[in-house]
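Structural overview for review
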Amino acid sequence: MKTEAVVLKGWKLGETSKILSLCTSDFGKVKVVAKGGLALKSRFMGCLEPMTRIRIIYYDKKTRDLQLLSQAAVLDSHIRIIGDFTRSTLGLAQVELVERVLVQDEPFPKMYELLCRALSGLDSGNGFLEGHFWYFESRFIDIMGYKPTWNNCLSCRKSLGKEGGFFQPGNGGLLCPACGSRQGGLNVGSETLEILYWLQCCDPAEVGRLVPTAGQKAEIRRMFDLYFRTHIEGMKPLKSLGLFYGMESP
Ligand SMILES: [Zn+2]
């Protein structure tokens, strides 16, 4: 089988081999073993690290879970991500999230495209880097099929004004202050909602220009976290994102 892929995760196998979990462009999640991949002068050199985009040929046997990698070539190693702690923790959080939801051998080309686009954005972008992760989260929710409505009340349909609203992750949107005061939800400011609304339709090259306040940042992080925990079964905090947040605290 011939396809393109992004490396999501790797495990050592024996002394010199490595198992890779891949997000492929054509076949969804595929697990392969790169025999001798860790040996010096390996033909898989440079292809085994998470976030690397590669072109591969592998032998596919439907009867087994683990396929045999035959050839691999680097398409993009995302040099700037690898060399930078902020970029790499955010990039790793992206692949971690994809690894959690992708199903083995179930094609999901949109997820592959999004991951490639989001990693390139993080690699080439500047400014507010977390914006690239937000962009990824926003589009991820969209292609997973639970795109939220940020601009109208779920109950009375009234447009959400400058008072903000009450976030209801299970229902995929917000309630206006009047409905929310009766039914509850997480109170969110209107400027935070504007950012989230913008993320659903913005050009990824623009996200670095965001300048959120500390309060907006906290609200957006909390909302995505709540949303994922509500919609993804068994969702636990992303380890790489924890490292990224840890770097910020004094
Ligand atoms: Zn309402």
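Residues numbered from 1 in each chain as written. Predicted model: local features only at pLDDT ≥ 70, side-chain atom pairs only at ≥ 80, totals over all residues.

The four strands lie next to each other as β6-β8-β7-β9, forming an open sheet whose pairing is mixed. Either end of the sheet is taken by a strand with one partner, and the two such strands are β6 (149-153) and β9 (186-188). Across the sheet, the axes of successive neighbouring strands diverge by a mean angle of 40°, strand direction being ignored. Against the sheet, helix α6 (residues 190-199) contacts β6, β7 (165-168) and β9, and its axis sits at roughly 125° relative to β6. Packed onto the sheet, helix α7 (residues 214-231) meets β7 and β9 and runs at close to 140° relative to β9. (Pairing = 2+ DSSP bridges. Helix = DSSP H or I, 4+ residues; strand = E, 2+ residues; numbered from the N terminus. Axes fitted to C-alpha atoms, helices over the stretch in contact; angles between N-to-C directions. Contact = placed C-beta atoms within 7 Å.)

The pairing of strand β1 (residues 2-13) with strand β4 (residues 53-59) spans five bridges and is antiparallel. Note on β4: the bridge partner recorded for T3 is I56. Relative to strand β5 (residues 66-76), β4 runs antiparallel, the two sharing seven bridges. Note that in β5 the partner of R53 across the bridge is D76. Following β4, the chain reverses through six residues before pairing antiparallel with β5.

The next point concerns the domain arrangement of the protein. Per the domain assignment, the segments making up the protein are domain 1 (2-81) and domain 2 (125-248). Put simply, the middle of domain 1 and the middle of domain 2, counted by C-alpha atoms, are 33 Å apart. (Domains from an automatic or database assignment.)

Time to look at helix α2 (residues 85-101). Taking 1.5 Å of rise per residue, the 17 residues of α2 would be expected to cover 24 Å, and the 25 Å separating its terminal C-alpha atoms lies within 8% of that figure. Of the residues making up α2, those classed as buried are R87, S88, T89, L90, G91, L92, A93, Q94, V95, L97 and V98. On its buried face, α2 sits against β1, β2 (17-24), α1 (79-82), α3 (109-124), α4 (130-144) and α8 (239-248). (Expected span 1.5 Å × (residues − 1). Buried ≥ 20, exposed ≤ 12 C-beta atoms within 10 Å, placed from the backbone.)

Where α2 meets α4, the axes come as close as 9 Å, and the angle between the chain directions of the two elements is 15°. As judged from the angle between their axes, α2 and α4 are roughly parallel. At the point where α2 passes α4, the crossing takes the right-handed sense. Across the interface between the two elements, L90, A93, Q94, L97 and V101 from α2 touch E130, H132, F133, F136, F140 and M144 from α4. Residues that form the contact of α2 with α4 fall into these classes: eight nonpolar, two polar and one charged. (Parallel < 35°, antiparallel > 145°, perpendicular 65-115°, else oblique. Left-handed = near helix turned anticlockwise from the far one by under 90°. Nonpolar A, V, L, I, M, F, W, Y, C, P; charged D, E, K, R; others polar.)

This part covers the nonpolar core. Ranked by internal contacts, the top residues of the largest apolar core, which has 63 residues, are V6, L22, C23, L115 and L174. Among the elements that take part in this core, α3 stands out by supplying seven residues, more than any other. Taken domain by domain, this core gets at least three of its residues from each of domain 1 (2-81) and domain 2 (125-248). Not counting the four nearest positions on each side in its chain, L115 is found in contact with V6, C23, Q94 and V98. (Core = buried A, V, L, I, M, F, W, Y, C linked by C-beta atoms within 7 Å.)

This paragraph deals with unusual backbone geometry. A positive phi angle, close to 80°, is found at M51, a residue other than glycine. With respect to the element layout, M51 can be found in the loop between β3 (28-34) and β4. Its identity is not glycine, yet D105 carries a phi of approximately 60°, on the positive side. Inspection of the secondary structure assignment puts D105 in the loop between α2 and α3.

Quick look at the sheet that holds β4 now. Where strands meet in a sheet, backbone hydrogen bonds hold them as pairs that are either parallel or antiparallel. The strand order β1-β2-β3-β5-β4 describes a closed barrel built from five strands, whose pairing is mixed. Averaged over neighbouring strand pairs, the angle between their axes works out to 50° when direction is ignored. Against the sheet, α2 touches β1 and β2, its axis set at about 95° to β1.

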